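# Summary of the model geometry
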Amino acid sequence: MRQRSLIAITAALSAGALTLTACGSRDSGGDKGSDSGGTTVTIGVDAPLTGDLSALGLGIKNSVDLAAKTANKQKTVDGVTFKIVAKDDQAQPSAGQQNATALVADKTVLGVVGPLNSSVAESMQKVFDDAKLVEVSPANTNPALTQGTDWATTKKRPYTSYFRTATTDAIQGPFAAQYVFNDAKKKKVFVIDDKKTYGAGLAGTFTEEFKKLGGTVVGTEHINPDSKDFSAVATKVKNSGAEAVYYGGEYPQAGPLSKQIKAAGAKIPLIGGDGIYADDFIKLAGATATGDLATSVGAPVEELDSAKEFVANYKAAGYKEAYGAYGGYAYDSAWSIIEAVKKVVDDNGGKLPDDARAKITAATQNVSFDGVTGKVSFDEFGDATNKQLTVYAVENGAWKAVKSGTYSG
Amino acid sequence: MNELPQQLVNGLLLGSMYGLVAIGYTMVYGIVQLINFAHGEIFMTGAFGALTVYAYILPDGTSMAIALPLMLVGAVLVSVTVAVGAERFAYRPLRNAPRLAPLITAIGLSLALQQAVWAWYPEAKSARTFPEIPGGPFKLGDVTIQTGDIFLLIAAPISMAVLAYFVMKTRTGRGMQATAQDPDTAKLMGVNTDRIIVIAFALGAAFAAIGAVAYGLKYGQIDFRMGFILGLKAFTAAVLGGIGNIYGAMIGGVVLGIAETLATAYIADIPGMDKFGSQSWADVWAFVLLILVLLFRPQGLLGERVADRA
Amino acid sequence: MSGVGPIEPGEGTHAWDTHPAEPPAGTPAPPRTPPARLRRLLSDHRRAALAALTTVGLLAACALLYVTRPQEREPAIPEPPFPAQVVDVTYVGEHTVPPGTRPHTLAFEVLLSVDSGPPVTVTRVSQPYAGVSLTSAPRAPFRTKAGSARKIVVTMHVAECGKVPENAGLPFIDVTLRNKRAIQVQSFILGPRYAHDLSRALQVACSNDST
């Protein structure tokens, strides 16, 4: 009797688990229907597909999928069919490294797009570099990933297989500082970060520039990203007399933080980086988010001529989730891999060479094409040469661009 | 301006929420010696139950005065159903199994509940907004209290009083005490221990549901992972207060909440300690406090000596 | 996982092997009737009932998931191309201040180029610091055609040294651009060489009050 019920429960649970998997995977199948025969090249995707940051991660996955489908439809590379394999890193470095190992082991994977988080990228870079597998991130903004840990003094590229289409914090943080000090005329800020690679790095570059401009940092605080109760921090912010709060981190914490700071009675704007530039931030921060600011990499995808087609195609493809802050960059990341594959295949008489991974990595260094986000090419560190960024403000429940900048250093 | 009163209130509010959830841990432990690690998720399902009532059952724009009691009912209903279901189908079949089996079942159940909400609740893959009580904040001298917090400030003591009355004065309550002291003898005395166990699970779930509604009102958002950390904190509060003791759970919660808040607010002001004072260190200080308490009072603040249970 | 309580039975605790899973028969308690009936039903056709329940539940969940798929929100209609996307401003170098100009004056040369599209008019060049005023030569507004570049001399005058940050890492100049489609203010961050030259020039201008 007891055993029977146990068996029944186990059976029910496993049936449930299986169905869950089936339900979850129904949209990630991709179309294998291409009948061109020939070789199949897999583009790996690593992003947080579940959890807090899944809104951004799913946008990345869909955009890469769109790039692969577009390449197949246009027969961009003769005799090569692209497909994608998406791995979920849950924004955890350990999961990211496991995914990297799995992607390296899959011999058809010739390029990887991702990850979202700089901290995850740190754990993946070496795995990919050892396998000479090219990795293009649409969203990592930590300068150390391409320019070495001593980037502020001596730039040295740590891994030659790592590229990114996003602009670094070395530009984003100071740009925010300039905006806050000069345009928003705030002289006293409270700086908060979440202690993660991305958040702490961004808060650091912001603080440095803000002090150089003559502003005062009236307080600093590091929050626990697992918590949702920031009332103690909010009270500190209120009593510090700050005119603005800079937050280095992502929207799942930034939203409640903004809300709780305002609820504590400090009617001051919260400013953050591209990690808070998401519709979910406004949803979580509520009505009092009006006036909050975010810098994000690139000109707004909607404003670029080259993005028109992407937006239309993305819509036509019927993806459930919005393309999000990094959709255009993810598409360009995938496309740079596709261009590299094309170059390698063309050079090798229409076939993939044996050392395809190394050749594709080398070819990625020299790609140049007009992408969704403008001209896409990489400098000697693997950073995007196109460095635009935009300040957005929350107005009437939506992000609105208030200032754009171009870096031409 | 003096920050201390506001920070104490912040801590009290956070702690009351820990306390409401901790009661579930402590009651279940007191009666079946099971640490129900799925309790955090029972709390979470309660929040989604309340949201379901508000977002999918009530017509749009229902005033919170009407909606709130119905949301509470919804939350309690869902939480209690999940908890009783868990007891019946996951824990009861394992009652004669070694201790480790139900514990691992609890952890598995916790993951299963999280994933079920993630997969099947509409738009629950990221946080969902929770309705808020309109009305400006209230000011009492230096202290600002949000409308959402008022609910917690009222609900926590009332729930506590009702629970105390129930356990001390009613027949079922005395049955619970008896079962906690000695299940075998209680059974011989005619106490239906199976029923008592179900009631303990249900009561704990009901308190978690009240806590969950308070959480939603306070933070304005709920997500499928909200129960995990809060559940751990509540469990800590239950241990701090003395696991098995319902007053201990509430007091442990409040002490833990205030400790975390004060650590965030003031440790950084101590010379040389500025590195260890941020909110990300608050948990560390809370656990230092827990260790200190357990060093001097291994049974927790209000716990009884384990030997009493023989 | 932290704080897992006693794993093995300790003093006064023991596995509850003395309790039968079913409650003793013949304890009639009215509220327990429905569960009892359910239990009997379940024990009679446990496997079938469970299988059916699971299937129904999962089907319902899948159906719910399908029906409640979030509808793709209408993406914003793409705006016409913006002048900032075709204009590039790069830093050339310091420009000698002609003798006889006011003290506290510094000048730089930048190159403005237009890649494509309709001609772009620069209607204003400015910089963000409070204590500094800026003029440009050629004086705004001026037009630049696609495919051509134009050298611009930017002259700054420091009015109040106290308000000038002397060591900014990422200074920029704001250029208001206009073409057929839009008017846009774009900040051009001219890079570390400009930052370095600007800081040095500002320090010189502000340290040397007599000139």
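Residues numbered from 1 in each chain as written. Chains lettered and ligands numbered in written order. Predicted model: local features only at pLDDT ≥ 70, side-chain atom pairs only at ≥ 80, totals over all residues.

## What about the overall build of chain A?
Stated formally: We count a stretch as a helix when DSSP gives it H or I for four or more residues in a row; a strand needs E for two or more, and each element gets its number in order from the N terminus. The globule rule used here is 2.2 Å times the number of residues to the 0.38 power, and the radius of gyration it is set against is calculated over C-alpha atoms. Residues with at least 20 other C-beta atoms within 10 Å of their own are called buried, those with 12 or fewer are called exposed, and the rest are partly exposed. The C-beta atoms themselves are positioned from the backbone. We call two residues in contact if the C-beta atoms placed from their backbones are at most 7 Å apart.
Assigned secondary structure in chain A consists of 13 helices and 14 strands. For chain A, whose C-alpha radius of gyration is 22 Å, the value lies close to the compact-globule estimate of 22 Å for 409 residues. The dimensions of chain A, computed from C-alpha atoms along their principal axes, are 70 × 65 × 40 Å. Put simply, chain A has 409 residues, and 61% of those count as buried. Taking all contacts inside chain A whose residues are at least 6 apart in sequence as the whole, residues at least 24 apart take part in 75%.

## Section: the overall build of chain C
Along chain C, the regular secondary structure elements total 3 helices and 8 strands. In chain C, the order of α-helices and β-strands from amino to carboxyl end is α-α-β-β-β-β-β-β-β-β-α. In chain C, which comprises 211 residues, the proportion classed as buried is 21%. In chain C, 68% of the contacts between residues at least 6 apart in sequence involve partners at least 24 apart.

## So, the sheet that holds strand 4 (residues 132-137) of chain C
Residue and element names in this part refer to chain C. Cut-off, in case you're wondering: For two strands to be treated as a pair, DSSP must find no fewer than two bridges joining them. Lines fitted to the C-alpha atoms define the axes, with helices restricted to the stretch that makes contact. Angles between their N-to-C directions range from 0 to 180 degrees.
The 4 strands lie next to each other as 1-2-6-4, forming an open sheet whose pairing is antiparallel. Both edges of this open sheet fall to strand 1 (87-94) and strand 4, since each of them pairs with a single strand only. Going across the sheet, the axis of each strand differs from the next one's by a mean of 30°, ignoring polarity. Summarising the sheet, strand 4 and strand 6 (residues 149-158) pair through 6 bridges and their orientation is antiparallel.

## Here we look at the domain arrangement of chain A
All names here are of chain A. Basically, it comes down to this: An automatic or database domain assignment supplies the residue ranges for each domain. Following the grouping adopted for this structure description, the nonpolar residues are Ala, Val, Leu, Ile, Met, Phe, Trp, Tyr, Cys and Pro, the charged ones are Asp, Glu, Lys and Arg, and the polar ones are all others, Gly among them.
Segmenting chain A into domains produces domain 1 (37-167 + 303-378) and domain 2 (169-297 + 389-407). For domain 1 versus domain 2, the distance between C-alpha centres works out to 29 Å. Listed as interface residues are 16 residues of domain 1 and, on the opposing side, 17 residues of domain 2. Looking at the side of domain 1 that touches domain 2, the elements that each hand over two or more residues are helix 2 (54-74) and helix 4 (118-130). For the side of domain 1 that touches domain 2, the element with the most residues is helix 4, which contributes 3 residues. Looking at the side of domain 1 that touches domain 2, its residues break down into 7 nonpolar, 7 polar and 2 charged.

## Concerning the nonpolar core
Counted only if it meets this: Take the buried Ala, Val, Leu, Ile, Met, Phe, Trp, Tyr and Cys residues, join any whose C-beta atoms are within 7 Å, and the set you get is a nonpolar core.
Core analysis: the largest hydrophobic core is formed by 261 residues, its most contacted members being Val245, Ala334 and Val341 of chain A. Among the elements that take part in this core, helix 8 (residues 193-219) of chain B stands out by supplying 18 residues, more than any other. In this structure, Val245 of chain A is in contact with Val189, Phe190, Ile192, Val237, Ile261, Ile268, Leu270 and Ile271 of chain A, ignoring residues within four places of it in sequence.

## Quick look at unusual backbone geometry
Glycine aside, a negative phi is what most residues show, and trans is what most peptide bonds show. Here the residue pair Gly114 of chain A and Pro115 of chain A is connected by a cis peptide bond, since its omega of -5° sits within 30 degrees of zero. If you trace the backbone, Pro115 of chain A turns up in the loop between strand 3 (109-113) and helix 4. Here Ala137 of chain C and Pro138 of chain C are connected by a cis peptide whose omega angle stands at 0°. Position of Pro138 of chain C relative to the elements: it lies in the loop between strand 4 and strand 5 (142-144).

## Thoughts on the pairing of strand 6 (residues 188-193) of chain A
Residue and element names in this part refer to chain A. For clarity, the cut-off: A crossover gets the label right-handed when its path from the first strand over the helix to the second runs clockwise, viewed with the strands pointing away from the viewer.
For strand 6, the buried fraction is high: 5 of the 6 residues fall into the buried class. Pairing of strand 6 with strand 7 (residues 216-222) involves 6 bridges; the strand directions are parallel. In the strand pairing of strand 7, Val189 is matched with Val217. The parallel pair strand 6 and strand 7, bridged by helix 7 (residues 197-212), forms a crossover whose chirality is right-handed. Direction of pairing for strand 6 relative to strand 8 (residues 244-248): parallel, over a ladder of 5 bridges. If you follow Phe190 over to strand 8, its bridge partner there is Val245.

## Focus on the packing of helix 2 (residues 39-57) of chain B against helix 9 (residues 226-241) of chain B
Residues and elements named next belong to chain B. Applicable threshold: Here roughly perpendicular refers to angles of 65 to 115 degrees, roughly parallel to angles under 35, roughly antiparallel to angles over 145, and oblique to all remaining angles. Should the near helix be turned anticlockwise from the far one by less than a right angle, the crossing is left-handed, and should it be turned clockwise, the crossing is right-handed.
For the pair helix 2 and helix 9, the least separation of the axes is 7 Å and the interaxial angle reads 130°. Overall, the two elements helix 2 and helix 9 adopt an arrangement that is oblique. Between helix 2 and helix 9 lies a crossing of right-handed hand. Here His39, Gly40, Glu41, Phe43, Met44 and Ala47 of helix 2 come into contact with helix 9, specifically with Met226, Gly227, Phe228, Leu230 and Gly231.

## Remarks on the environment of Val345 of chain A
Residue and element names in this part refer to chain A. Counting through the fold element by element, Val345 comes out in helix 12 (residues 327-347). With 247 residues separating them along the chain, Val345 and Gln98 place their C-alpha atoms 29 Å apart. Setting aside anything within four residues of it in sequence, one finds Val345 in contact with Val77, Val80, Gly350, Lys351 and Leu352.

## Re the packing of helix 1 (residues 4-32) of chain B against helix 9 of chain B
All names here are of chain B. Across the interface, helix 1 lies against helix 9 with an axial gap of 8 Å and an inter-helix angle of 70°. As summarised for this structure, helix 1 and helix 9 are arranged roughly perpendicular, according to the angle between their axes. Contact with helix 1, carried on its side by Tyr18, Gly19, Val21, Ala22, Tyr25 and Thr26, involves Leu230, Gly231, Lys233, Ala234, Phe235, Ala237, Ala238 and Gly241 of helix 9 and no other residues of that element. Of the residues assigned to the contact of helix 1 with helix 9, the class counts are 9 nonpolar, 4 polar and 1 charged.

## Quick notes on the sheet that holds strand 13 (residues 387-395) of chain A
With mixed pairing, 11 strands are arranged side by side in an open sheet as 7(A)-6(A)-8(A)-9(A)-10(A)-13(A)-14(A)-8(C)-7(C)-3(C)-5(C). Two strands close off the open sheet at either side, each with one partner strand: strand 7 of chain A together with strand 5 of chain C. Ignoring strand direction, the axes of neighbouring strands in this sheet form an average angle of 30°. Sheet analysis places strand 10 (residues 293-297) of chain A next to strand 13 of chain A, joined by 5 bridges and oriented antiparallel. For Val297 of chain A, the partnering residue across the bridge sits in strand 13 of chain A and is Leu389 of chain A.

## Some words on the pairing of strand 3 (residues 120-126) of chain C
Residues and elements named next belong to chain C. When strand 3 meets strand 5, the two strands line up antiparallel, connected through 3 bridges. In the sheet register, Val120 faces strand 5, and the bridge partner there is Thr144. With 5 bridges connecting them, strand 3 and strand 7 (residues 172-178) associate as antiparallel partners. Among the inter-strand pairings, Val122 is bridged to a residue of strand 7, identified as Leu177.

## With respect to the environment of Asp383 of chain A
Residue and element names in this part refer to chain A. Its location among the elements puts Asp383 in the loop between strand 12 (374-376) and strand 13. Here the alpha-carbon distance between Asp383 and Asp229, two residues 154 residues apart in the chain, equals 37 Å. Leaving out residues up to four positions away in the same chain, Asp383 has contacts with Thr146, Arg164, Thr168 and Phe378.

## Focus: helix 8 (residues 231-240) of chain A
For helix 8 of chain A, a buried count of 9 out of 10 residues is recorded, marking the element as mostly surrounded by other parts of the structure. Gly241 of chain A lies just past helix 8 of chain A and shows a positive phi near 75°.

## Some thoughts on helix 3 (residues 191-207) of chain C
Residues and elements named next belong to chain C. So the rule is basically this: To estimate how far a helix should reach, multiply one less than its number of residues by 1.5 Å. Of all possible arcs, the one meant is that of the directions from the helix axis to the C-beta atoms.
Along its 17 residues, helix 3 runs 24 Å from first to last C-alpha, staying within 8% of the 24 Å computed at 1.5 Å per residue. By the burial criterion, the buried members of helix 3 are Tyr194, Ala195, Leu198, Leu202 and Ala205. Projected down its long axis, helix 3 shows its buried positions confined to an angular sector of 105°, all on one face. Those residues of helix 3 that are exposed and aimed more than 90 degrees away from the buried face are Pro192, His196, Val204 and Ser207. For helix 3, the secondary structure elements touched by its buried residues are strand 1, strand 2 (105-114) and strand 6.

## Regarding the environment of Ala208 of chain B
When you line up the elements, Ala208 of chain B lands in helix 8. In this structure, Ala208 of chain B is in contact with Leu20, Val21, Gly24, His39, Ile42, Phe43, Gly46 and Ser79 of chain B, ignoring residues within four places of it in sequence.

## Structural notes on the confidence of the model for chain C
Caution applies to low-pLDDT regions: their predicted coordinates should not be interpreted in detail. Residues and elements named next belong to chain C. Inclusion rule: One number per residue, pLDDT, summarises how confident the predictor is, and it ranges from 0 to 100.
Predicted confidence across chain C gives a mean pLDDT of 74, with 67% of residues reaching 70 or more. Contacts for the low-pLDDT stretch residues 1-6, under 50 throughout, to residues beyond four places or in other chains number 8 contacts. Taken as a whole, residues 73-79 scores under 50 in pLDDT and shows 10 contacts with residues more than four places along the chain or in a different chain. Scoring of the predicted complex yields 0.79 for pTM and 0.85 for ipTM.

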